[in-house]
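Report on the structure
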Amino acid sequence: AGEGDAGQIVIRATDNLLLDGENSQGLNSGVFSRVESGVTGNAGGVDIETGSLTATNGARIDASTFGEGDAGQVVIRATDNLLLDGENSLGLPSGIFSQVQPGANGNAGGVDIESSSLSAINGARIDASSFGEGDASQIVIQATDSLLLDGETRQGLPSGIFSRVVLRAKGNPGGVDIETDSLTATNGAQISAATFGEGDAGKVIIRATDSLFFDGETRQGLPSGVLSTVYPQAKGDSRGVDIETGSLTATNGARIVTSTLGEGNAGQIVIRATDSILFDGEIRLGLPSGVFSTVESGANGNSGNVDIESDSLTAINGAQIDASTSGEGNGGQIVIRVTDSLFFDGETRQGLPSGVFSRVESGANGNSGNVDIESGSLTATNGAQISAATFGEGSSGQIVIRATDSILLNGEASRGFSSGIVSTVHLGATGNSRGVNIESGSVTATNGARITASTAGEGNAGQIVIRATDRLLFDGEDSQGFASGVFSTVQPGAKGNSGGVDIESDSVTATNGAQISAETQSTGRAGGVRISATDFIQLIGDSAIRANATATGAAGDIILNTPQLTLENEAQILASNISSRSEGILLEGLDTLSVSNNSAISASTETGVAGNLRINPNSNLANSVQVSHDSRLSVEAIQGGTAGDLTVKTSQMSVEDGSSVTVSSPSGQAGNLTIWANSLVLDEGQLTAETGTSGVEAGANISLGGLDTLLMRDESLISAKASGDANGGNIDINTLFLLVLPPEGVNGSDIIASAERGDGGRIIITGEGIFGIEERPAIPGNRTNDIDASSQFGNPGQVITNVPLDPSRGLTQLPSTFIDPSGQINRTCAPSNRQNQFMVTGRGGLPENPTDLVSPDWIQDDFGTVIPRKEDDETEGQADEENSSISHPPKQIIEAQGWIIDAEGNVVLTANVPNGTPQDGWQNSVNCQVSAP
């Protein structure tokens, strides 16, 4: 008691130092250098060197201040092991302490330890904290081998390392700095730098060359882990956590936390792991394992960033990486760099999903930070999510993901929450979703997994941008029927716009109900869907690409640029709105388009304006466009709206098997249908334009141009129809040949421009030939192919055919039977003797030797003597009036029948056999076997 400094305690033990237990009055064994209560002065501290040191059953090494003065530093150098274990009978733990006690005014000197290994178990601790007015100095530990923290006291005080400013204290803790080969903290053990009073929570620095392992909780549910926290009623900042290690594992609720529950900012968490990181599971109360930098409810401050680098990272069974705000302040940014794989899976028992979360929680006021991820591959399954969202007042951050290899999203949680990547403004929130930006080799979302940017509150849903160098695959739906895919949505009751979807990939495939959608279900605008695929786009099995406005909002456009577009089995591309305007659908760069099996490409509206459907309008002709098996291309206004135009440019187009290409507004104004192609085949197919009102072009028009052939068969139809008082649309066909095959059904194939009370339309057909169809009334059931421009109660239209040639002239009836070639063969002689030969040499002959060339001298100038026919002489020089354009047949050429030798010794072939004396042949006679034909 009194004034004065306490001297330093120095201990040198070459072998072991053992401190154990307490005396009968409960006074602990130990080493003490303190400024006691009521004393003014400084404690000199403790300096120990030993082989090993053990402090058990409440024994302690203590350099603290209870009065007016600074506590000295504790320095320990142990060449072997340092063990701290247990508590005394009163529950006071064993350990090493440098503290500013309640009522004291001074600074703690801190703790500096070097040893081969260090263990603090059963509630034992190393503590440099301030309970009064003063700073708690830093704890520095170097354990070359291992550091073990485990368990708790009987009263539930955890083992660990603590640097804190406690409730009503004023001061700053110095933080914790650890270097070791491996560190283990289990059963609720903690490393903590926190403030409960007025002062900043110190920083926790851990360097573990091999591994960090955190697991479990105390009996009262306190998790193991690392904490840098500003607690309720505290005023100060958390300075964060900085970790470097080979591998990091946190399981069964263990966590790394920087947070503020008072007035102050949560510090940053930085983790560098050269090998792997694993977060797994939850504590008994359901709190998940993971990394958390948060502003808690009632707090005023910002959460720090989370910055992680690793070879691989896994978060399963509900484990999370979270930088969110529930109070007055912004959530921090999450940055993850993983060279190999990033894997998120599953949920806690209460249904909390695994994943990465940056959120503005309900009741909070602030913005959530961005999520920025780089990895080799990323997988999120069984309800796991990567989420940036706002439930309160503030905007959610952008999600940016770059995966050099692949991204796989699959399945749902037990309560139906989909796996996926989500940027959302939730119901009741005010703020914007900043959207999702993805770059990857391939992206796959299956079994209900989805990529979403949406708003259900007051704010805009951000844009979704995906760049995949390989492929995109979306497949199936979840157990509740919610589709896999990509969704940019304005939910019912929301006030905001959808940012839309922008995709670039080698190929895009959506199967079994999967969707790519930009939609507004409220007053906002649905952003468009833009997809560029260098290889192909496939929609199969009730899958769809949509840009819809299902309420009063405006629908965006759909722009697809790909060489091959395929829709099969009820697939759809749909741009629609109820009462606003749709930008429509643009398909560019197509080589082939196939729409089959009740599939559809449609731009539609109810009472608004349907956009245009344009196929290759600004590029080269597509190689082929095929619409088959009850499928359709359409621009429609259903309840009095205005339909846009439908334009197709292709080399070959076919509409088959009950399919149709349509512009229609039965009670409004329809647009125009234009097809520019080399060939067009309608095989039980329809091209129709239907309008309920007449614009300046007298209704909906159909224009077919650039055609070599237009082929119609099996009750096909080209129809421009007007309802009510509207005038029928015009049909303009420009083709070399219009070929209409004989009827196979009761109606035949027809070209009709009809009206009810208005005037019939105008049909103009320009070409070289029209076959199989005539102008006459197209009466149902007449079994004829008809061209009809009529009106039921108004004036008939016009049919104009511009055909320069009469196809019926100059036709020759071909024989009904074919010539049997076997009857043209002379089989007089059979080859019974090897001496017989028949050679065709043309107009020359054979060389004397097979190796010689044929001499041009052997070629003859004629084939024989021409004998004129009597009828040729009679008609010579006369013109046949009816066949003046036909030339006379050539004079008859007679086969040589003999030969003579002229005066000069030349051999001359003759038409008649010369008279002469027959000579014996030099060759033996040939026996011929003659058989009748």
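Residues numbered from 1 in each chain as written. Predicted model: local features only at pLDDT ≥ 70, side-chain atom pairs only at ≥ 80, totals over all residues. Heavy atoms only, no water.

So, about the overall build of the chain. On a plain count of helices and strands, the chain comes out with one helix and 59 strands. Counting the 933 residues in the chain, one finds 53% classified as buried. Within the chain, residue pairs in contact and separated by at least 24 positions form 80% of the contacts whose partners lie at least 6 positions apart. (Helix = DSSP H or I, 4+ residues; strand = E, 2+ residues; numbered from the N terminus. Buried < 20%, exposed > 50% of the residue type's maximum accessible area, 1.4 Å probe, protein only. Contact = heavy atoms within 4.5 Å.)

Applying the stated criterion across every chain, the model contains 34 salt bridges. The salt bridge partner of Glu-282 is Arg-349, with a shortest N-O separation of 3.5 Å. Taken together, the residues span a long stretch of sequence, with Glu-282 in the loop between strand 17 (269–280) and strand 18 (290–295) and Arg-349 in the loop between strand 22 (341–345) and strand 23 (355–360) at a distance of 67 residues. Of the residues examined, Glu-282 reaches a relative accessible area of 10% and is grouped as buried. As a salt-bridge pair, Arg-632 and Glu-636 come within 3.1 Å of each other at their nearest N and O atoms. For Arg-632, a relative accessible area of 29% gives the class partly exposed. One salt-bridge network, in which partners are shared between bridges, spans Arg-34, Glu-36, Arg-60 and Asp-62. (Salt bridge = Lys/Arg side-chain N within 4 Å of Asp/Glu carboxyl O.)

Below, the discussion takes up the pairing of strand 27 (residues 420–425). The element strand 27 is extensively covered by neighbouring structure, given that six of its six residues are classed as buried. Residue alternation in strand 27 divides its side chains into two sets, Gly-420, Val-422 and Thr-424 and Ile-421, Ser-423 and Val-425, and both sets are buried. The pairing of strand 25 (residues 385–390) with strand 27 spans six bridges and is classified as parallel. Within strand 27, the residue paired with Ala-389 across the bridge is Thr-424. The pairing of strand 27 with strand 29 (residues 450–455) spans six bridges and is parallel. Along strand 29, the bridge assignment pairs Val-425 with Thr-455. (Pairing = 2+ DSSP bridges.)

In the structure shown here, the tally under the stated rule is two aromatic pairs. Ring geometry for Phe-196 and Tyr-231: centres 4.1 Å apart, planes at 5°, overall stacked. Of this pair, Phe-196 sits in the loop between strand 12 (190–195) and strand 13 (204–215) while Tyr-231 is found in the loop between strand 14 (225–230) and strand 15 (241–251), placing the two residues 35 residues apart along the sequence. Sitting over the ring of Phe-162, Arg-125 keeps its end group 4.1 Å from the ring centre. The ring of Phe-487 carries the charged tip of Arg-450 above its face, separated from the ring centre by 4.0 Å. (Phe/Tyr/Trp six-rings, centres within 6.5 Å; stacked < 30°, edge-to-face > 60°. Lys NZ or Arg CZ within 6 Å of the ring centre and 35° of its normal.)

Here we come to unusual backbone geometry. Positive phi is not limited to glycine here, since Asn-597 has a value of about 55°. Mapped onto the elements, Asn-597 comes out in the loop between strand 40 (592–595) and strand 41 (600–605).

What follows deals with a nonpolar patch on the surface. Judged by side-chain polarity, Leu-736, Phe-737, Leu-739 and Phe-771 come together as a nonpolar surface patch covering roughly 290 Å² of accessible area. Looking at the secondary structure, you find Phe-771 in strand 54 (residues 769–771). Owing to a relative accessible area of 32%, Phe-771 belongs among the partly exposed residues under this scheme. (Patch = residues over 30% accessible without salt bridge, like charges linked within 9 Å, V, L, I, M, F, W, Y side chains within 5 Å. Areas by Shrake-Rupley, 256 points an atom, 1.4 Å probe, with all protein chains shown as cover.)

Another point: the side chain of Glu-217. Tracing the chain through its elements places Glu-217 in the loop between strand 13 and strand 14. Owing to a relative accessible area of 13%, Glu-217 belongs among the buried residues under this scheme. There is a polar contact of 2.8 Å between the side chain of Glu-217 and the backbone nitrogen of Arg-284. Excluding its chain neighbours within four sequence positions, the residues that come into contact with Glu-217 are Asn-187, Gly-188, Leu-222, Pro-223, Ser-224, Ile-283 and Arg-284. (Polar contact = N/O pair within 3.5 Å; in protein donor to acceptor, adjacent residues only side chain to side chain.)

What follows deals with the environment of Asn-88. Structurally, the position occupied by Asn-88 is in the loop between strand 5 (74–85) and strand 6 (95–97). Here Asn-88 falls in the buried class, since its relative accessible area comes to 2%. Every residue in contact with Asn-88, bar those within four places of it in the chain, is listed here: Glu-22, Gly-26, Asn-28, Asn-57, Gly-58 and Arg-154. At 2.6 Å, the side chain of Asn-88 forms a polar contact with the side chain of Asn-28.

Here strand 9 (residues 139–150) pairs with strand 11 (residues 176–186) via ten bridges, running parallel. The residue bridging Ser-146 from the neighbouring strand is Ser-182, located in strand 11. Bridge analysis of strand 11 against strand 13 gives ten bridges, and the strand direction is parallel. Paired with Thr-184 across the strands is Phe-213, a residue of strand 13.

In the predicted model, the chain carries a mean pLDDT of 86, and 86% of its residues have values of at least 70. Here residues 869–891 is modelled with pLDDT under 50, and outside its nearest four sequence neighbours on either side it reaches seven contacts, counting other chains as well. Note that residues 917–933 has pLDDT below 50 and, in this model, twelve contacts with residues that lie over four places away or in other chains. (pLDDT = per-residue confidence, 0-100.)

Assignment of secondary structure puts Ser-791 in the loop between strand 56 (786–788) and strand 57 (798–802). Owing to a relative accessible area of 15%, Ser-791 belongs among the buried residues under this scheme. In this structure the side chain of Ser-791 is engaged in a polar contact, spanning 3.2 Å, whose partner is the backbone oxygen of Glu-756. Polar side-chain contacts of Ser-791 include one of 2.7 Å to the backbone nitrogen of Gly-794. Not counting residues within four places of it along the chain, the set of residues in contact with Ser-791 comprises Ala-755, Glu-756, Arg-757, Gly-758, Asp-759, Gly-760 and Pro-796.

As for its placement among the helices and strands, Phe-487 is situated in strand 31 (residues 485–490). Spatially, the C-alpha atom of Phe-487 lies 7.6 Å from that of Val-501, the residues being 14 residues apart in sequence. The residues contacting Phe-487, other than those within four sequence positions of it, are Arg-450, Ile-451, Thr-452, Ala-453, Ile-464, Gln-515 and Ser-517.

Turning next to the environment of Leu-183. Among the structural elements, Leu-183 can be located in strand 11. If we skip the residues at most four places from it in the chain, Leu-183 touches Leu-147, Ile-178, Ile-191, Ile-206, Ser-211, Leu-212, Phe-213 and Phe-214.

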